Every structure is written in structure tokens, then in C-alpha cells.
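Here is what each chain is made of, one letter per residue.
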Amino acid sequence: MRIRRGPAEAKTIVNLSSVCGRRDMLTSIDLATLRLCSVLASVTFTVIFLSLWRGRKDERHNLLWAASLLLYCVALAGLEWINRPQDVLIRSLLVAALTASNIPLVAGVRLFAGRTLWRWWMAVPPAVTLAGFLLPQALGQFAIVMPPHSEQLLAAIGLATGMGVFGADMIRQAGRAVPDGYGGRIAGGAMLAYMPCYVFAIAGEVLHFATPSTLAVAALLSDQLLLMLLNVGLLAMPAEAAFAAMRERAWRDGLTGVHNRAWLAGVHDEFLKTGTWLAHIDIDHFKAINDRFGHAAGDGTLTALARALVLATAESGLQSGAKVVRMGGDEFLVIMPNASLLTAQALVRHVRTAINCIGPFDWTVSIGLTEVAAQDTSLADAVERADQQLYAAKLAGRDRVAA
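Keep in mind that what you see is a predicted model, and the values were worked out from it rather than measured.

Conventions we followed
Residues numbered from 1 in each chain as written. Predicted model: local features only at pLDDT ≥ 70, side-chain atom pairs only at ≥ 80, totals over all residues. Heavy atoms only, no water. Salt bridge = Lys/Arg side-chain N within 4 Å of Asp/Glu carboxyl O. Buried < 20%, exposed > 50% of the residue type's maximum accessible area, 1.4 Å probe, protein only. Helix = DSSP H or I, 4+ residues; strand = E, 2+ residues; numbered from the N terminus. Expected span 1.5 Å × (residues − 1). Contact = heavy atoms within 4.5 Å. Core = buried A, V, L, I, M, F, W, Y, C linked by side-chain atoms within 4.5 Å. Patch = residues over 30% accessible without salt bridge, like charges linked within 9 Å, V, L, I, M, F, W, Y side chains within 5 Å. Areas by Shrake-Rupley, 256 points an atom, 1.4 Å probe, with all protein chains shown as cover. Pairing = 2+ DSSP bridges. Axes fitted to C-alpha atoms, helices over the stretch in contact; angles between N-to-C directions. Parallel < 35°, antiparallel > 145°, perpendicular 65-115°, else oblique. Left-handed = near helix turned anticlockwise from the far one by under 90°. Phe/Tyr/Trp six-rings, centres within 6.5 Å; stacked < 30°, edge-to-face > 60°. Lys NZ or Arg CZ within 6 Å of the ring centre and 35° of its normal. Nonpolar A, V, L, I, M, F, W, Y, C, P; charged D, E, K, R; others polar. pLDDT = per-residue confidence, 0-100.

## Quick look at the pattern of salt bridges
Scanning the model with the defined rule gives 12 salt bridges in all. In this structure, R56 and D58 form a salt bridge, with 3.3 Å as the shortest nitrogen-oxygen distance. For R56, a relative accessible area of 45% translates into the label partly exposed. Its salt-bridge partner being R172, residue D169 comes within 2.7 Å of it at the nearest N-O pair. Taken together, the residues span about one helical turn, with D169 and R172 both in helix α6 (residues 150-177) at a distance of three residues. Judged by relative accessible area, which is 1%, D169 ranks as buried. Where salt bridges share partners, they join R56, D58 and E59 into one cluster.

## Quick notes on helix α11 (residues 295-315)
Taking 1.5 Å as the rise per residue, α11 with 21 residues should run 30 Å; its terminal C-alpha atoms sit 30 Å apart, in good agreement. Burial in α11 covers these residues: A297, G298, T301, L302, A304, L305, A306, A308, L309, A312 and T313. Check the buried side of α11 and you find it contacts β1 (277-283), α10 (286-293), β2 (323-328), β3 (331-336), α12 (341-355) and β4 (365-371).

## Let's talk about the nonpolar core
With 44 residues, the main nonpolar core has M170 and L234 as its most contacted residues. When contributions to this core are tallied by element, the ones reaching two or more residues are α1 (7-55), α2 (60-81), α3 (88-100), α4 (102-112), α6, α7 (183-207) and α8 (214-250). By residue number, the principal contributor to this core is α2, which donates eight residues.

## With respect to a nonpolar patch on the surface
Among the surface-exposed residues, Y182, I186, L225 and L229 lie close enough to one another that they form a single nonpolar patch of about 420 Å² accessible area. Counting through the fold element by element, I186 comes out in helix α7.

## A look at the sheet that holds β2
In space, the five strands of this open sheet follow the order β2-β3-β1-β4-β5, with mixed pairing throughout. Edge positions in the open sheet fall to β2 and β5 (401-402), since each of these has one partner strand only. Bridging between β4 and β5 involves two bridges; their strand directions are parallel. Its bridge partner lying in β5, G368 is registered against A402. Running over the sheet, helix α13 (residues 379-395) touches β1, β2, β3, β4 and β5 and is turned about 140° from β4.

## Remarks on the packing of α2 against α3
Closest axis-to-axis distance for the α2/α3 pair is 9 Å, and the angle between their directions is 150°. Classified by the angle their axes make, α2 and α3 are roughly antiparallel. The way α2 lies across α3 gives a crossing that is left-handed. Along the contact surface, α2 presents L71, Y72, V74, A75, L76, G78 and L79, while α3 presents R91, L94, V95, A97, L98 and A100.

## Some remarks on the packing of aromatic side chains
Tallied over the full model, the rule gives four aromatic pairs. Relative to F361, the ring of F293 has its centre 4.2 Å away and its plane inclined at 10°; by these criteria the two rings are stacked. Of this pair, F293 sits in helix α10 while F361 is found in the loop between α12 and β4, placing the two residues 68 residues apart along the sequence. Take F293: its relative accessible area is 39%, and that puts it in the partly exposed class. A cation sits over an aromatic face here: K57 above W53, 5.0 Å from the ring centre.

## Let's talk about the packing of α3 against α4
Where α3 meets α4, the closest approach of the two axes is 5 Å, and the angle between their N-to-C directions is 15°. Considering their axes alone, α3 and α4 lie roughly parallel with respect to each other. Between α3 and α4, the residues in contact are L98, T99 and A100 and N102, I103 and P104, respectively. Taken together, the residues that form the contact of α3 with α4 break down as four nonpolar, two polar and no charged.

## Description of the confidence of the model for the protein chain
Averaged over all residues, the pLDDT of the protein chain equals 84, while 83% of them reach at least 70. Predicted confidence in the protein chain is weakest over α1, with a mean pLDDT of 65, and strongest over α4, with 96. This stretch, residues 1-29, has a pLDDT under 50; its non-local contacts, to residues over four places away or in other chains, come to three contacts.

## Focus: the side chain of T129
Within the secondary structure layout, T129 lies in helix α5 (residues 124-140). A relative accessible area of 0% means that T129 is categorised as buried. Dropping the residues within four chain positions of it, T129 is found in contact with V95, A96, T99, A155, G158 and L159.

## With respect to the environment of L390
On the secondary structure map, L390 appears in helix α13. Taking the C-alpha atoms as reference points, L390 and R400, separated by 10 residues in sequence, lie 9.1 Å from one another. Sequence-distant contacts of L390, that is, excluding residues within four places in its chain, are made with H280, D282, S366, I367 and G368.

If you want it as C-alpha cells, here you go:
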């Protein structure tokens, strides 16, 4: 029996078709909009990094970061424009370019950290992504049919692997470049945060609870936040390094290069434990040296003593933890953690022997030794005792050690 539809029923079917068509169009527009937002954000940061590099040509890490973002923009734009079935090879190259865009990103961080720019493993994630995208097509030549959207799943695995490998290396290199900084770690963490998005998209495709475009949508949605975090983290790295260098200069004595009292004032519990020995050192009759030979000779004497102290800590096996501090004037303090009385005595003997060979005139030092005690509430308590021992060495006739 033939069913005839009335005008009202026909109008309803037309309206449903129209809605479905608009929904497909909306999905397409949303994906294109997300890609456009990612491209615009990448272009913005590209301009920023290029401007920074133009101002300081020696900071080539900015140029590498700009190149990374530019390659990312080209790949995203290409994937938006090229979507014909016969353009599989071009699309596979563009997807591989998305992964490869992380290479100059990490290379810039490695350059900033003073490490080798290129390592062989950097080529693996893009190669895996490219192979994964082309594998279903290659197997098809041998009449081996893989599940639908297999190229997207395999490419997603390559992209996730690349984010994991490059993100982990970025965190490691950033820690070497700025040990106390967080910018590089935030950037590397942002790269690692892409991985759950890819895993979700892959699970959605395999378990059939998402549409075929889930991978692109999930990646681009996460891109809106993570891309911003990544690039802001990279921008923070040079600022953190400059601040650390400025702080280090503020904590160093301008004449001798060793730590100063400002640094010592910031030391709290690091050395406040038994087994830490302090040597308080003072040049005997330093004022007479200045009066007789001039202030340039006095400065040379201070520099020579500081150099002898640093060398003594290195040759005593304490170079990893021992600190030399200029307390002011001709007074120095050597902090020796995890040491013993024998180690401390060997160090001061080395110093006294070394300064006897410096010249061009004879000069001596007095030294007070003490150990941090369990009842000390601050390092200043132990420093005070070392100062008392130094005073005792001077009262005893100078040119000696009191412990």
C-alpha cells in the first residue's frame, strides 16, 4: 500500500533535514574556528619571539621557538584546506609536521640550557606519526583492510608519543638551565598535558562513543589553554634566568667573587646540623699591609686568600658543598658540611701553606675552627663561636689555628 504524505508531514521532514544539515555545518564551523584560534595564537607568539630575537640576535632560542610555531601554523592551515581523499600523502606529511614542530621548540630549550641542539631520537616521533598515518594505505595495497579511521588512531599515537618524549626532555633541560625556575617546567608540563587529550580521543574512536572528528576537536580544545601555557612558560625562562643571574651577582663579593654576608643571611637550615665545620679566617695586620704597600696590594691579598680558600675546598673533597664567604674587610668564613675535625684541620693547613708561597711579601692568617652543635638554633650561633676561636688565636700571638 502506498502511503501518501500530507503537506504538514512533508514540511516536517524538510525541517528535520534542514536541522541535520545545519548541525553538520555547525560542527564543521566549530572545528574550523578552533583551528583558526590556534593559528592566531601561534602567530601572535611567533611575532613576539621574532621581535625578541630581532632585539637580541644572540638569543637564538627565540628564533627556534618562532620557527616551531610557524611550522605548527602551516600544518594546521594545511589540514584545514586539504581534505580530499586523494591527498593522503600530503595530509600525512602535515600531521607529521605537527609532531615535528616540537623539534625546534625543544631545540630552543636545549640551546638555552647550553646542551646539544639535535639528538637522533628527535626524529622518531614524526617518523612514527607519518608511518602510522600511511600504514592503512600501504596495507590496502595488499588487500589488508584495517578498521575505519585507523590512520587517525595511529597518527594520534604518534602525536601522543611525541608530546611525551619532547615534554619530558623539555622539563629536564629547563631544570638544568634555570634550576630554581618554573617557566620551562610549565612549558614541558603543558606538552605532557596534551597526552590525556589524545588518549581520550583514541578511546572514543576505539570504543565508538565519539564522532570521527573527536581527535581534532579534543586536541584543538586543549590547544586553547595548553598552547598559551606552553608559550608563556617559554617566555618566562629568560626572565627567570636573568633574575637568577642578578640574584647571584647580589650574593657575590665584587672583589673576590666568593659569597658575601647577604648570601649568608639567607642561609637557614641547610648547614644547621652536626658535622658542619666552620673556619673563621682573618689576615694578620691587614691594615699594615694597606699602609705599607697600598690598597691595590691589600686588594690583591684579599683576592689571593679567597682563591686559596676555594682551591683548598676543592682539593679537600668538599667542593660540592663547601662555601667560602667574605664576611667583610679581611675576614672570611669557610662552611664545610659533612666534614670532620681532621678534614677541617687539613683544609686550614693547606691554606696556610698556600699563602706562604703567594708573595710578593710575607703575610699570615689567624683561624678559628668550630663545629655546629646540636643545641644551635641558627647558623649565627656557630659563626659566633668560630669568631671567638679566631679572637683566641689572635690573642695567642696570631699566625695560628684555634679550635
